[in-house]
Amino acid sequence: LDYYIVIAPELKSKEFPLKILSHIRDSGYSALIDSGKRSISKQFKEASKRLSQYVIVMGSDEESKKIVSLKNFKTSNQESMTLDDFIIFLNQPKDL
């Protein structure tokens, strides 16, 4: 699994995370999105169990600012970027 999208339970709308999911899949990567009904820690455990390369965390802050919070599970590096920058990131070659 390339990307796992973690949804904070307080997130009201799934529109922005679903848009991100669409961009990921359109770029040829595998991705799953959580329902957001479980705690964030349980969602991270699920992403780890599925051997996800990247985790995207979506909370109300990310939604309101329209940013993508991306964590690389291999390196533990985490960064936030705009949706446009994330689309550029998706189209760069990666060692998944």
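Reading the values: rules and limits
Residues numbered from 1 in each chain as written. Predicted model: local features only at pLDDT ≥ 70, side-chain atom pairs only at ≥ 80, totals over all residues. Heavy atoms only, no water. Buried < 20%, exposed > 50% of the residue type's maximum accessible area, 1.4 Å probe, protein only. Helix = DSSP H or I, 4+ residues; strand = E, 2+ residues; numbered from the N terminus. Pairing = 2+ DSSP bridges. Salt bridge = Lys/Arg side-chain N within 4 Å of Asp/Glu carboxyl O. Axes fitted to C-alpha atoms, helices over the stretch in contact; angles between N-to-C directions. Contact = heavy atoms within 4.5 Å.

**Points about the pairing of strand β4 (residues 67-72)**
Logical step 1: Judged by how many residues are buried, β4 sits mostly within the fold: 5 of 6 residues are covered.
Logical step 2: Inspection of the sheet shows strand β3 (residues 54-58) paired to β4 by 4 bridges, in the antiparallel sense. Its bridge partner lying in β4, V57 is registered against S69.
Logical step 3: For β4 and strand β5 (residues 78-82), the ladder comprises 5 bridges, and the chain directions are antiparallel. Looking across to β5, one finds that V68 is bridged to M81.
Logical step 4: Taking the residues that link successive antiparallel strands as the turn, the β4-β5 hairpin has 5 residues, and the phi of S76 there is positive, at about 70 degrees.

**Looking at the pattern of salt bridges**
Logical step 1: Overall, the coordinates contain 5 salt bridges when judged by the stated rule.
Logical step 2: One salt bridge connects R50 with E46, and the closest N-O pair in it is separated by 2.7 Å.
Logical step 3: Classification of E46 as buried rests on a relative accessible area of 14%.
Logical step 4: With a closest N to O distance of 3.5 Å, K65 and D61 form a salt bridge.

**Focus on the sheet that holds β3**
Logical step 1: Ordered in space as β2-β1-β3-β4-β5, the 5 strands form an open sheet in which the pairing is mixed. The sheet is open, and its two edges are formed by β2 (31-33) and β5, each paired on a single side. The sheet shows a mean angle of 25 degrees between the axes of neighbouring strands, direction not considered.
Logical step 2: Relative to β2, helix α1 (residues 15-26) is tilted by about 170 degrees, and along the sheet it contacts β1 (3-7), β2, β3 and β4.
Logical step 3: Where helix α2 (residues 40-49) meets the sheet, it contacts β1, β3 and β4, and its direction lies at approximately 170 degrees from that of β1.

Honestly, that's just the spatial picture; any functional story needs more than this.
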